[in-house]
Amino acid sequence: MDWFREHSPQVAKVLIDGPKEMVCDYGIPETLTSQIKIGARVWVSLRDRKVSGTVLLIENQSEESTFNVKPIDALIDKSTVIPENLMQLGRWMADYYLAPMEQVMRALLPHVVRADKNQAKLQQQVRWQWGAIDKFTLEQKDAWEKLEKRSPKQYILVNLILQTDKPFLVTELLKLSGASRATLKGLETKGMISIEQVAIRRDPEAQVETIESAPKELNEQQLNAVTLIKQSIDESANARVQPILLQGVTGSGKTEVYLQSAAHVLAQGESTLILVPEIALTPQTVGRFKSRFLSILGNLEEVAVLHSGLSDGERFDEWHRIERGQARVVIGARSAIFAPIQNLGLIVVDEEHEGSYKQESSPRYQARDVAVMRGYMEQCPVVLGSATPSLESIANVQAGKYQIIELTKRIDGSYLPLIQLVDMRLEASKIKGEAMIAEPLRIAIDERLEKQEQIILFLNRRGFSKAVMCTSCGEKVNCAHCSISMTYYRTDDMLRCHCCGYQSLVPKICSECGERASVYHGFGTERVEEALRKIFPTARIARLDTNVTQRKHALRDTLDAFRTRKLDILLGTQMIAKGLDFPGVTLVGILNADVSLHMPDFRSSERTFQLLTQVAGRAGRGDLAGEVMIQTYMPHHPAIQYARHHDVHAFAAQELQARKMFKYPPYLHLALVHVSSLKQEHGQLLSEHIHKALEAKLPQGVWMGQPHIPLMSKIDNRYRYQIMIRTNKISQIQTWLSQTLSRFDTGQESRIVIDIDPYNLI
Ligand code: ADP
Ligand code: ZN
């Protein structure tokens, strides 16, 4: 210990990996002083065990601490250091979302990068050592001649190596020449070549061909937008700038604005981050971005695309490429907000209203909001783009916190599509049942098929039927573990729970009344596909939903076929609502516009409005006029009426008024305390105890509801309870919540989860 006191004046606060939040002090050995930084990953000993952790802070050692700190044992990996800017962002997240720092760390550092292994893929590479032939020394000339006479195999090999400037991989070279490893080794012994280990990038996009696309000449509105964003980029060098909301109707060319703004940033040597919803990470969207960056940068070496489909190796390589500054353009879904980019010059959040930016497991962050915070911390402009901005962002514009730029016209001068409502109540009374495709829509489809134009049909439900129902007593087959009905799949004649994934056979008799009679209730994409094939037997039809796209390349192949007009009708869920751009589509049908309206959630109107507007935006993007048909049982609902008239501003105005009146975001913050338990009584009791404890210290101005059972009262065998809290400022409730809740020991059966700014209320 004396040694230690003399040699190291500093201690590191290390966050130990593991579910328990534990931070301990360790000394920094002299041999490591230059390498231990905030964010470094280290090995330390904890009660005689070797454990891994992350350095959170480095402090000067106080007198008392000198005697009981142990030194850090070793660095896990020199190259794995969470950059300082991300550590700062992480600390903000832990405070704001009341998330354990350890879980925040997991979000900051992908699992495979955290692991105690250098996962780089190493290969041997041959490098020529002697320079040009005409500059050989006498000695080298001599050796060269000898080689030619006495070792013909080596001579051939050398000539092959000299043919290109690029270093060969050993495996490639041996394959090409047919020479043996020993022959090559001989050259190394002679000093002509060296063989070195290099990391080979595993490129997730290696198979994809990209064609350059030159910048387009901007229209007036786009030019105005790009000018303002560039201005903001330039100003941000010296001052903090406000986030910008880019509100542009579907087809107004927002992507072109992002791309030209990004080009400005890259030209200044800075980096750019583009977030898109996971669902929009289709080959088409990614391809559009890559084409442009190829033309700006000359190659795609500096572009990293992050999504959930990457292998561990690919993810590892991309993280390190970004961290080393080799990739200056990052395109990715939610978690890409934590990409270790340095020198960030612009963050774009496309489709900023999308619910999928919210992470539904700890740390429960909202990537758009984290993006705004990251931009603030790193003094970098943030552009939030959408045709249907979230009410949060609109309110931020009204409060003067964000700037707004509007694109009100479609690029090609085409009009927004004409939207017609099909009143399904009339249809239902005509056919005495639930219709899938009403007559007006059927006629419209027929007309397009006749004219060889294309059709997109949207239905927000997978499977064949929503439920299997007993015709005798009306009972539906429910999941054994959750409080929802099971969805029927005809392809394999099975029932599946969309909540927990549980599968079962269709019961022969009703569990309630013992009768044998059952019917399919409601419809999903499978059933509609079947019906379409019957009604339009000659049409070429494809279905896209998550069941189909589990097959590799199914998404890319289907979209390609649709684009090249090998398909007439594309039927799909959510995944066809976003970002797709097919000029041949002149009709979009929305089969069940009401599904999302029935959710007991204050955002259900907003979600419905956004979805309808986005889906409708897929129509009429080419020279031909587009038409949209919305099938609904609630034709007078404001969300549907405003969508019909493309009136984003009026919808927002009315909805904001309602939110203000009923005290909902964006005028207040919500926090939800989720309690769940395997035992119903435990869950109920625990939620009541928690409520009591919170009530005893309720801060002024904070409102708290009674514990209640949400719509999904049981998920995966866990009984659920919620307590809703409303507050003007998150800072008012942070200490209160974390201190009160930390006193509860939930045991094995129960869980308490806090969700700040929740998206999912059911
Ligand atoms: P948004 O994202 O606003 O819905 P897009 O970015 O998809 O709109 O643009 C719609 C189409 O218009 C795309 O095919 C795009 O390539 C094209 N486009 C965008 N800007 C221009 C422009 N200035 N000139 C010509 N075509 C453009
Ligand atoms: Zn279930």
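Residues numbered from 1 in each chain as written. Chains lettered and ligands numbered in written order. Predicted model: local features only at pLDDT ≥ 70, side-chain atom pairs only at ≥ 80, totals over all residues. Heavy atoms only, no water.

1. A few points about the sheet that holds strand 13 (residues 329-332)
Strands in a sheet are paired, the pairing made by backbone hydrogen bonds, and the direction either parallel or antiparallel. If you walk across this open sheet you meet the seven strands as 12-13-11-14-15-10-16, and the pairing is parallel. Only two strands of the sheet have a single neighbouring strand rather than two, namely strand 12 (303-306) and strand 16 (403-407). When the angles between neighbouring strand axes are averaged without regard to direction, this sheet yields 15°. Here strand 10 (residues 244-248) runs beside strand 16; their pairing, made up of five bridges, is parallel. What sits directly across from leucine 246, in strand 16, is isoleucine 405. (Pairing = 2+ DSSP bridges. Helix = DSSP H or I, 4+ residues; strand = E, 2+ residues; numbered from the N terminus. Axes fitted to C-alpha atoms, helices over the stretch in contact; angles between N-to-C directions.)

2. Comments concerning the coordination of the zinc ion (ligand 2)
The coordination sphere of the zinc ion (ligand 2) contains the protein donors Cys479 (SG), Cys482 (SG), Cys497 (SG) and Cys500 (SG), at a distance range of 2.3 to 2.4 Å. Seen from the zinc ion (ligand 2), its four donor atoms lie at angles of 104 to 114°, and the figure they make is tetrahedral. Between consecutive donor residues of the zinc ion (ligand 2), the sequence gaps follow C-x2-C-x14-C-x2-C. One end of the pair, cysteine 479, is in the loop between strand 19 (467-470) and strand 20 (487-489); the other, cysteine 497, is in the loop between strand 21 (494-496) and strand 22 (503-504), with 18 residues separating them in the sequence. Take cysteine 479 and cysteine 497: they sit in the same class, and that class is buried. (Donors = N, O, S within 2.8 Å, 3.2 Å for Na, K, Ca; no water. Tetrahedral: all angles 85-135°; square planar, octahedral: opposite > 155°, others 65-115°. Buried < 20%, exposed > 50% of the residue type's maximum accessible area, 1.4 Å probe, protein only.)

3. A few points about the sheet that holds strand 18 (residues 454-458)
The sheet built from six strands is open, its strands ordered 17-27-26-18-25-24 with parallel pairing. The sheet is open, and its two edges are formed by strand 17 (418-423) and strand 24 (541-544), each paired on a single side. Across this sheet, the average inter-strand angle for adjacent strands is 15°, counted without regard to direction. Across six bridges, strand 17 lies against strand 27 (residues 627-632) in parallel orientation. Bridge pairing links valine 422 to glutamine 631 in strand 27. The strands touched by helix 15 (residues 424-431) within the sheet are strand 17 and strand 27, with strand 17 carrying the most contacts at an inclination of about 40°. Sheet strands in contact with helix 19 (residues 604-616) are strand 17, strand 18, strand 26 (585-590) and strand 27, and its direction is about 155° off that of strand 26. (Contact = heavy atoms within 4.5 Å.)

4. A few points about the environment of valine 528
Locating valine 528 in the fold gives a position in helix 17 (residues 525-535). Considering only alpha carbons, one finds valine 528 and glycine 572, 44 residues apart in sequence, at a separation of 9.9 Å. Dropping the residues within four chain positions of it, valine 528 is found in contact with Met436, Ile437, Leu459, Phe523, Leu571 and Leu591.

5. Quick notes on the pattern of salt bridges
If you walk through the whole model with that rule in mind, you get 31 salt bridges. Lysine 13 is the salt-bridge partner of aspartate 25, the closest N and O atoms lying 2.8 Å from each other. Here the residue aspartate 25 occupies a position in strand 2 (residues 23-27), and lysine 13 occupies one in strand 1 (residues 10-16), the gap between them amounting to twelve residues. According to the relative accessible area criterion, aspartate 25 is partly exposed, its value standing at 28%. In this structure, the salt-bridge partner of lysine 13 is glutamate 59, at a minimum N-O distance of 3.7 Å. With lysine 13 in strand 1 and glutamate 59 in strand 4 (residues 49-60), this residue pair connects regions lying 46 residues apart in the sequence. The exposure class assigned to glutamate 59 is partly exposed, which follows from its relative accessible area of 32%. Connected via shared salt-bridge partners are Lys358, Glu360, Arg364 and Asp755. (Salt bridge = Lys/Arg side-chain N within 4 Å of Asp/Glu carboxyl O.)

6. Looking at helix 23 (residues 734-742)
Since one α-helical turn is 3.6 residues long, residues separated by three or four positions face the same way. Those residues of helix 23 lying buried are Gln734, Trp736, Leu737, Thr740 and Leu741. On its buried face, helix 23 is in contact with helix 2 (84-96), strand 28 (669-677), helix 22 (680-696), strand 29 (703-704), strand 31 (718-727) and strand 32 (750-756).

7. Concerning the domain arrangement of the protein
Partitioning the protein into structural domains gives domain 1 (2-114), domain 2 (122-199), domain 3 (220-412), domain 4 (416-464 + 523-659) and domain 5 (669-756). Computed from C-alpha atoms alone, the centre-to-centre distance between domain 1 and domain 3 is 31 Å. Taken together, the contact between domain 1 and domain 3 spans 21 residues of the former and 22 residues of the latter. In total, domain 1 and domain 3 occlude about 1900 Å² of area from one another, counting both sides; carbon and sulfur atoms represent 71% of this. When the buried surface of domain 1 facing domain 3 is broken down by residue, Leu89, Tyr97 and Val112 rank first, second and third, together holding 26% of it. The interface formed by domain 1 and domain 3 includes four residue pairs in polar contact (both at pLDDT 80 or more). (Domains from an automatic or database assignment. Buried area = accessible area lost by both parts, 1.4 Å probe. Polar contact = N/O pair within 3.5 Å; in protein donor to acceptor, adjacent residues only side chain to side chain.)

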